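Given next are the chains, with one letter for each unit.
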Amino acid sequence: MRETNGHSAPQVRARLAEDMAGCVAALRAVHERDRYPVRWPSDPARWLAHDADGAGWVAHRDGRIVGHVLLVPPDGGDVAPGLLAPGTPVAVVSRLFVDPAARGQRIGASLLERAAREARRRGVRAVLDVVSTDSAAIALYERLGWEFLAMGQQEWGPGEVVDVRCYAAPPA
């Protein structure tokens, strides 16, 4: 295993039930630094669990969770699934984050690539929506060859609408 700044290189693996406390701790660091999620959930472990149907991964290094991603079925609030040709089977990349202390090591790219690979294995196209002001995430998706589909709007609460950029994973 190669070393990064005196630490072992991060590894990506399936998320386990016992990872949840570490996932919440990493999410807390992301929220404090980047305001993601915009509103801290009343039950962050439940928010992270979402509807992943067993498709969740973590990045870990030196026994600590440093990143997270889910692949979930689309719900009514997702914009990107509706931008593909009618009938195109999709899965949505969700809850993607990297602990600020572990950034710059391709962790986000590794997690995103893992989710897209699983989507292809399932015969679906991975898509995602990202807040239009999240320039770091947008740069990552575009650097990895994700296809920009369109701009859209998501309702985040009563009377609150945000602009999002919608992307689809590159073909294999």
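What counts, and at which threshold
Residues numbered from 1 in each chain as written. Predicted model: local features only at pLDDT ≥ 70, side-chain atom pairs only at ≥ 80, totals over all residues. Heavy atoms only, no water. Core = buried A, V, L, I, M, F, W, Y, C linked by side-chain atoms within 4.5 Å. Buried < 20%, exposed > 50% of the residue type's maximum accessible area, 1.4 Å probe, protein only. Helix = DSSP H or I, 4+ residues; strand = E, 2+ residues; numbered from the N terminus. Contact = heavy atoms within 4.5 Å. Pairing = 2+ DSSP bridges. Axes fitted to C-alpha atoms, helices over the stretch in contact; angles between N-to-C directions.

Novice: Teacher, can you tell me more about the nonpolar core here?
Specialist: One broad trend across soluble globular proteins is that nonpolar side chains are buried collectively. Counting residues in hydrophobic clusters, the biggest one holds 29 residues, and the most contacted among them are L71, V93, L111, L112, L128, Y141 and W146. Taken together, the elements giving at least two residues each to this core come down to β4 (56-61), β5 (64-72), β6 (90-98), α3 (107-121), β7 (125-131) and α4 (135-143). It is α3 that provides the largest number of residues to this core, a total of seven residues. Not counting chain neighbours up to four residues away, the residues in contact with V93 comprise V69, L70, L71, L112, A115, A126, V127, L128 and W146.

Novice: How do you make sense of the sheet that holds strand β8 (residues 147-157) when you look at a structure like this?
Specialist: Sheets are built from strands paired through backbone hydrogen bonds, the pairs being either parallel or antiparallel. The seven strands are arranged β3-β4-β5-β6-β7-β9-β8 in an open sheet whose pairing can be described as mixed. The two strands at the open ends of the sheet, each matched to only one other strand, are β3 (11-14) and β8. Geometrically, the sheet is characterised by an average inter-axis angle of 30 degrees between neighbouring strands, direction not taken into account. Bridge count between β6 and β7: three bridges; the pairing is parallel. Considered in β7, the bridge of A91 is made with A126.

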